[in-house]
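Residue-level listing of the chains:
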Amino acid sequence: MSYLKQYPNQDGYFGDFGGAFLPPELESQFAEINRAYLALGRSADFLNELRYIRKHYQGRPTPVSYARNLSRETGAQIYLKREDLNHSGAHKLNHCMAEALLAKHMGKTKLIAETGAGQHGVALATAAAYFGMECEIHMGEIDIAKEAPNVTRMKLLGAEVVPVGFGGRSLKEAVDSAFQSYLGQAETALFAIGSVVGPHPFPLMVRDFQSVIGTEAREQFLELVGELPDQVGACLGGGSNAMGIFSGFIDDEGVSLNGVEPLGKGTKLGEHSATMTFGKPGMIHGFKCLLLSDEEGNPAPVHSIASGLDYPGVGPEHSFLKTSGRVNYHAISDDETLDAFYKLSRMEGIIPALESAHAVAWAMKHGRENPGETILINLSGRGDKDIDYVADNFGFEGS
Ligand SMILES: *Cc1c(COP(=O)(O)O)cnc(C)c1O
């Protein structure tokens, strides 16, 4: 049986990871979302409408590009799946458009979510504008101050940005605040999670919605190169862009799959966000996964130069795929990431998101050690959002 049909089981478990641990008030809402997804989300009508949107609005399929100069420099053959060219500049719109379409089919008129750096908020606000739905985005006050351009984008797209001023005033509090607000309006609103995380059915649903990346990339790579790649790699925050591209190759035993997580500034707790390397089984936001936690078992503070990757948990499916051995996980430092950011910009004319630059850095490292191999990297997003931060703090040259 194909892997994707086998996992998760009907309760949302990937081996020991996943599930749905919800406050009683939310159990019936998530059961409704699950029923709706299984009935509507896989219907011909839904899939046809989604196909139309992807082609005529998002601009899919995104191309696979051969990175000629980077390949020459490293000795491997490096290819990039260009999610930076997906409308709004990253892979996130793939699942946001589908979540919004599901909400529409369920008769909802509003989308609610939290956002950290604002990327999920912008993608969801884009989807809400397209479907003429209301959009309410909860964001910590600290993040609002740090990510002003994304706040402006959300407002221009017509979303209401709700500032969250309690506790650490960041992502974790934004999740609590968004859930609270959703509780009061679950009849008319859908809570739209931004990665392959959260309670069942979101890890399954978001993986399915992102699998378009892998389906396209496999076909395009075969057409371009004539055989499958030796290695497929993607960066890992919650894990949605990685599951998207892995989906296309997971039944191909000869293709190695690689998730690339942030080693940040070092190996001490708080300096990195390397959940797969240092995490232990635990629970966060209603599901079981590998987790970076402190001595009391609470989610630990995390760091990455890429704000889209700093989450102390990770998708349950990745936690399972590490245990099963099907996917290899690697940690890449802030410095290696910056080097890849400069190199890809200078040598290929592509400014990558700092998130995506982690995967590029791994490809360069692996390529130097294994010359001649073919490597396909999912370039999850473009780096426009990061240019001021990089130029102001590190200049224009790199080391
Ligand atoms: C949000 C984001 C990520 C991390 O999310 P995943 O769910 O792990 O894919 C990676 N790259 C970009 C460009 C992002 O915006």
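Residues numbered from 1 in each chain as written. Predicted model: local features only at pLDDT ≥ 70, side-chain atom pairs only at ≥ 80, totals over all residues. Heavy atoms only, no water.

1. Thoughts on the domain arrangement of the protein chain
When cut into domains, the protein chain gives domain 1 (3-55 + 92-202) and domain 2 (59-89 + 211-394). The centre of domain 1, based on its C-alpha atoms, is set 22 Å off from the matching centre of domain 2. The three residues of domain 1 that bury the most area against domain 2 are Tyr3, Phe17 and Val196, which together make up 25% of that side's buried surface. Taken together, the links from domain 1 to domain 2 amount to zero salt bridges. Mapped by element, the contributors of at least two residues to the side of domain 1 that touches domain 2 are helix H1 (3-6), strand S2 (17-18), helix H3 (44-58), helix H5 (92-105), helix H6 (119-131) and helix H9 (171-183). Tallied by class, the residues present in the side of domain 1 that touches domain 2 amount to 14 nonpolar, 10 polar and five charged. (Domains from an automatic or database assignment. Buried area = accessible area lost by both parts, 1.4 Å probe. Salt bridge = Lys/Arg side-chain N within 4 Å of Asp/Glu carboxyl O. Helix = DSSP H or I, 4+ residues; strand = E, 2+ residues; numbered from the N terminus. Nonpolar A, V, L, I, M, F, W, Y, C, P; charged D, E, K, R; others polar.)

2. Quick look at the UniProt feature "modified residue: N6-(pyridoxal phosphate)lysine" (unreviewed entry) in the protein chain
The UniProt entry lists Lys92 under the feature "modified residue: N6-(pyridoxal phosphate)lysine" (unreviewed entry), expressed in the numbering used here. Along the chain, Lys92 falls in helix H5. Apart from residues no more than four positions distant in its own chain, Lys92 is found in contact with Gln119, His120, Ala123, Gly194 and Gln210. (UniProt positions renumbered as here; feature names shortened; annotations may be inferred. Contact = heavy atoms within 4.5 Å.)

3. Focus: the packing of helix H12 (residues 240-247) against helix H14 (residues 316-324)
Relative to each other, H12 and H14 sit at 55°, their axes nearing to 10 Å. If you check the angle between H12 and H14, you find them oblique. Of the two possible hands of crossing, H12 and H14 adopt the one that is left-handed. Counted together, Ala242, Met243 and Phe246 of H12 and Glu317, His318 and Leu321 of H14 form the full contact between these two elements. Here the residues of the contact of H12 with H14 sort into four nonpolar, one polar and one charged. (Axes fitted to C-alpha atoms, helices over the stretch in contact; angles between N-to-C directions. Parallel < 35°, antiparallel > 145°, perpendicular 65-115°, else oblique. Left-handed = near helix turned anticlockwise from the far one by under 90°.)

4. Considerations on the site of the ligand
The environment of the ligand is formed by 17 residues, the closest being Lys92, Ser195, Gly239, Ser240 and Ser380. Ser240 places a side-chain nitrogen or oxygen 2.7 Å from an oxygen atom of the ligand. When isolated, the ligand has an accessible area of 380 Å², and the protein chains bury 97% of it. When its residues are assigned to classes, the shell around the ligand shows four nonpolar, 11 polar and two charged. When residues of the shell around the ligand are assigned to domains, at least three map to each of domain 1 (3-55 + 92-202) and domain 2 (59-89 + 211-394). (Near = heavy atom within 4 Å. Polar contact = N/O pair within 3.5 Å; in protein donor to acceptor, adjacent residues only side chain to side chain. Areas by Shrake-Rupley, 256 points an atom, 1.4 Å probe, with all protein chains shown as cover.)

5. Examining the sheet that holds strand S9 (residues 231-235)
The sheet built from six strands is open, its strands ordered S3-S4-S14-S9-S10-S13 with mixed pairing. Two strands bound the open sheet, and with one partner strand each, they are strand S3 (64-66) and strand S13 (327-333). The average undirected angle you get between the axes of adjacent strands in this sheet is 30°. Strand direction decides the pairing type here: S9 and strand S10 (residues 256-264), joined by five bridges, are parallel. Among the inter-strand pairings, Gly233 is bridged to a residue of S10, identified as Asn258. (Pairing = 2+ DSSP bridges.)

6. Details of helix H10 (residues 202-210)
H10 sits mainly inside the fold: eight of its nine residues count as buried. All buried positions along H10 are accounted for by Phe202, Pro203, Leu204, Met205, Val206, Arg207, Phe209 and Gln210. (Buried < 20%, exposed > 50% of the residue type's maximum accessible area, 1.4 Å probe, protein only.)

7. Remarks on the sheet that holds strand S7 (residues 160-164)
Pairing is parallel across the open sheet formed by four strands, whose spatial order is S7-S6-S5-S8. The outermost strands of the open sheet, each flanked by one partner alone, are S7 and strand S8 (189-191). The average angle at which neighbouring strand axes cross in this sheet is 25°, direction not considered. Relative to S7, strand S6 (residues 134-140) runs parallel, the two sharing five bridges. Directly across from Ile137, in S7, lies its bridge partner Val161. Packing against the sheet, helix H8 (residues 148-156) makes contact with strand S5 (110-115), S6 and S7, and its axis sits at approximately 165° to S6.

8. Observations regarding the pattern of salt bridges
Taken as a whole, this structure holds 21 salt bridges when the rule is applied. Here Glu49 makes a salt bridge to Lys104, at a shortest N to O gap of 2.9 Å. Taken together, the residues span a long stretch of sequence, with Glu49 in helix H3 and Lys104 in helix H5 at a distance of 55 residues. On the basis of relative accessibility, which here comes to 27%, the residue Glu49 falls in the partly exposed class. Beyond isolated ion pairs, a larger network of salt bridges with shared partners links Arg42, Arg207, Asp208 and Glu317.

9. Digging into the nonpolar core
Ranked by internal contacts, the top residues of the largest apolar core, which has 86 residues, are Tyr182, Ile245 and Leu376. Ranked by residues supplied to this core, first place goes to H5 with eight residues. Beyond its immediate chain neighbours, meaning those up to four positions away, Ile245 contacts Lys81, Ile213, Gly214, Ala217, Val232, Ala234, Leu376 and Asn378. The next biggest cluster of nonpolar side chains, apart from the first, holds 29 residues, and it includes Leu80, Val260, Trp362 and Ile377. (Core = buried A, V, L, I, M, F, W, Y, C linked by side-chain atoms within 4.5 Å.)

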